[in-house]
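Fold and contact review
The chain contents come next:
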Amino acid sequence: SAMFGCFRRIKQVTDSPEGPEMVLYPEMLKDIKSELAIAQMEICEIKDEWANHSKRALSSSLWLEQIKSQISIRSHRRDEASLFIIFKNIKHPDEKALRKEKLKAACEAAGMDNADETTIKELLCKLNVESEDALSFEEFKSLIAEPSELESVMKTIPFHQVFADAVPRKAGSSPMKVFAELTPIEIDMMVQASVESLKDHLIEQSSKLKRVQHRLEQDAEKFKAGNSKFSCFTMSSGQIDDFHEGLGSRIGPPDLNFVKSMALEHCSKAGCRDPFTAGNYVITTCPYKEWKITVDFEIELAIVKHGRQLKKISELVQSEVATQAKLSTCEVIAVVLYTGPMFVVYNAILRRFPEDLYSRFHDGGNLYATTIHVLVSAVQKISRVMRLQEGLKLYRGLGGTMELPQHFFKGDKFGCRGFAEWGFMSTTSNRDVALQYSGVKEGRPRAMVLVMSVGAVDRGACIRDFSQFPAEVEYLYLPVSYVAPSEPAYYEITDHGLVHMIPVRVNSNLKALTTEQMLERKKQMHVSSFEYLLDDLRFKLAAAADGDDAQARWANDLVDSAGKEKAGRVKATVQDLVENILGQCRLVLDTHGALPSEGFVEILAFRARTREMMDAVSFARAKFDYWMSNAAEKIESVIKYSPRMCHRLWIANLERRVLAAAGPEQKAEALALCRIKGLVESSVDECNEDGEAPLERAAAEGAGLRDLDMVASAR
């Protein structure tokens, strides 16, 4: 290059009009020397650059070989045959299991990251084998299969999508068929074509991690040294047994007069006027105010900010979702209350945390049982009519200071891992919102997000249409639902740090009932009790009808005093009488079964149905006993009587027998009659909880003179 420059200048001079004689050769030689000196320096630089390049090439070659070797070693973790060879070579030849003291060497041989004692101990605990002296091959394989922290980060890179995009498309053939027919050379070309895209993803993830790594190290050091402004706590949760027990064991049963009971819980019972603060809305209020705002629409009591919107319950009951889900007024009230500040109270009661807030209501006997049960009913109904989006995932940020319980990671003796979430679990379909609630932005030490796949049965209810804060797309899960790990957890790199993403499966509680089922349950309890008593009556009447006394009594109806068969009458059997009695009793049962469920709610109404049931069974037996005890009544005549009429006639007969008897016999007859009438249970000497004898109790409760005489006769 230097020589060419000199020759070009010579040519310019010799080609000039002045001619060759004008060329100043000494100056030209000077320029040539200068150019050659520069060229020599450049050549030296090129030689140095080439030497450095050769060194780098050699270094890159060695680095590449090192990576290939590392890939080969670490691939053993995913190959069962290779793992078994490692397991077999490191364990003692005479033993079937791998002793713990040799576990570290086996983990390192399998290419496991951070195969230190602390990491291994945590994994053993997670696999529930920390108490064992040695590991079987299956246990060792499970240990090695646990993903490292780096693998968890890499999981967010869409390798599968990049390679799927690189598969050639051919007209008339499916991508699957094309991929199956690729040659090794074509696959190599496909991989080469994918490199740039993969490189971009890796550079992006590496750059993100580089930006947050320093902060992560600082936060970890602060937390380790106890200098962090955040302290962690383990979440309040139950276990698998609590899940099976359901909500009732946590807060008790509801009052089936729903609206009335909910009003009492919010406006009259303990804690209803005690202030509390909803932290995320920065609203201080009390249950009484929230009821008045929501139900009575006294909106002047409301603190309206953060996009809070208030609607009348009468309008929401007519909404499309409420109509499709068949929500009652009480259910709409419960959902709307929850979407405002009252969620703080309901979840504090369910989780029993914070303790000071929980104790206010617990000590006063106000656990909002009816409101919470009604809310559970509403959530179930809404979830059933919610349109399920394909591939919908829900997220829940855990705030950054909460530790998951040990039983989420460590299985019990039956291998169950997970926890029962005591409270209503709010989730969002917006991943970014969940990341905001993870605590990563504030630098909290346990930034976590639960990731839930939604199924046809176990899914949350979208309550946005009823929300006081409709900007929040909230999906609500039932309390005491079971949250179990579903896939290996992974890390997601954000601008503020790493977030631990934990895929889980949520099982909605199996014992949750709708309001209709609650009402129907009380009715069915009554009907089932009636059916049980009817079955018992059927058994006793059948046994009595087959007895010798009943057959002799029936024979008396068939013949006259001379022993001749009576003429001119229909011959009804004892079995006909039994069927008649059971049919009359069944008629009362059917009447009760046809009543609406609401007819069993009020205590007076339920008491009346119970009394009718007991009377029906008691009168039915009295009809048979009346026929047995009165030879003057023919079986056909008794069949025509109602059970109540027979009961009265039978009682009159018994009273006459008491009056006709004397001494111990009269006392025994009187006691039997008192027991039939319910004046005594077993003895005239018994006392009730107030220490009253049967005679005193009967007099105090206004019993008639005949009943008092009867009790006195039994003494």
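For the structure itself, look to the data block above.
Computed from a predicted model, the values in this text were never measured in an experiment. (Residues numbered from 1 in each chain as written. Predicted model: local features only at pLDDT ≥ 70, side-chain atom pairs only at ≥ 80, totals over all residues. Heavy atoms only, no water.)

**Description of the overall build of the protein chain**
What counts, and what does not: Here a strand is any run of E in DSSP of at least two residues, a helix any run of H or I of at least four, and the numbering for each starts at the N terminus. Contact definition: two residues touch when any of their heavy atoms are within 4.5 Å.
Looking only at helices and strands, the protein chain features 30 helices and 16 strands. Partitioning the intrachain contacts of the protein chain with sequence separation of at least 6 by distance along the chain shows that 71% fall at a separation of at least 24.

**Focus: the packing of aromatic side chains**
The criterion, for reference: For Phe, Tyr and Trp, where Trp contributes only its six-membered ring, two rings pair if their centres lie within 6.5 Å, and the inter-plane angle classes them as stacked under 30 degrees, edge-to-face over 60, or tilted in between. For the exposure calls, accessible area comes from a 1.4 Å probe over protein chains only, and a residue counts as buried if that area is under 20% of its type's maximum, exposed if over 50%, partly exposed in between.
Taken as a whole and assessed by the stated rule, the structure comprises 14 aromatic pairs. Each ring, one from Phe361 and one from Tyr368, has its centre 5.5 Å from the other, and the planes form 75°; the classification is edge-to-face. With a relative accessible area of 1%, Phe361 lands in the buried category.

**Some details on the pattern of salt bridges**
To keep it simple, the criterion reads: Salt bridges, as used here, are contacts in which a Lys or Arg side-chain nitrogen is within 4 Å of a carboxyl oxygen on Asp or Glu.
Taken as a whole and assessed by the stated rule, the structure comprises 26 salt bridges. Between Lys208 and Glu204 there is a salt bridge, with its nearest N and O atoms 3.9 Å apart. Placement of the pair is Lys208 and Glu204 together in helix 10 (residues 184–225), with a separation of four residues, close to one helical turn. Ionic pairing is found between Lys292 and Asp296, a salt bridge with its closest N-O pair at 3.1 Å. Take Lys292: its relative accessible area is 18%, and that puts it in the buried class.

**Concerning helix 22 (residues 515–546)**
Formally: By definition here, a helix of n residues has an expected span of 1.5 Å times n minus one.
The terminal C-alpha atoms of helix 22, which comprises 32 residues, lie 47 Å apart, in line with the 46 Å expected from a rise of 1.5 Å per residue. Among the residues of helix 22, Thr515, Met518, Leu519, Lys522, Lys523, His526, Val527, Phe530, Leu534, Leu537, Leu541 and Ala545 are the ones counted as buried. Taken together, the buried residues of helix 22 touch helix 13 (258–267), helix 17 (329–351), helix 19 (369–385), helix 23 (548–558), helix 24 (574–594) and helix 25 (603–629).

**Examining the side chain of Arg351**
Applied cut-off: Within 3.5 Å is the distance limit for a polar contact, defined as a pair of N or O atoms, with the added protein rule that one can donate a hydrogen and the other accept it, and that residues adjacent in sequence qualify only through two side-chain atoms.
Here Arg351 shows up in helix 17. Among the polar contacts listed, one links the side chain of Arg351 to the backbone oxygen of Phe424, at a separation of 3.3 Å. Excluding anything up to four places from it in sequence, Arg351 contacts Ser236, Arg250, Arg396, Glu421, Trp422, Gly423 and Phe424.

**Describing a nonpolar patch on the surface**
Put simply, the rule is: Grouping into patches uses exposed residues only, defined as over 30% relative accessible area, and leaves out salt-bridged ones; the cut-off is 9 Å for like charges and 5 Å for nonpolar side chains (Val, Leu, Ile, Met, Phe, Trp, Tyr). Surface accessibility in these figures is a Shrake-Rupley result with a 1.4 Å probe; residues are shielded only by whichever protein chains are displayed.
Where nonpolar side chains cluster on the molecular surface, the patch consists of Leu150, Met154 and Leu202 and spans about 240 Å² of accessible area. Secondary-structure assignment places Leu150 in helix 7 (residues 149–154). Exposure remark for Leu150: the relative accessible area of 49% places this residue in the partly exposed category.

Interpretation note: all reported values are geometric properties and have no functional meaning in isolation.
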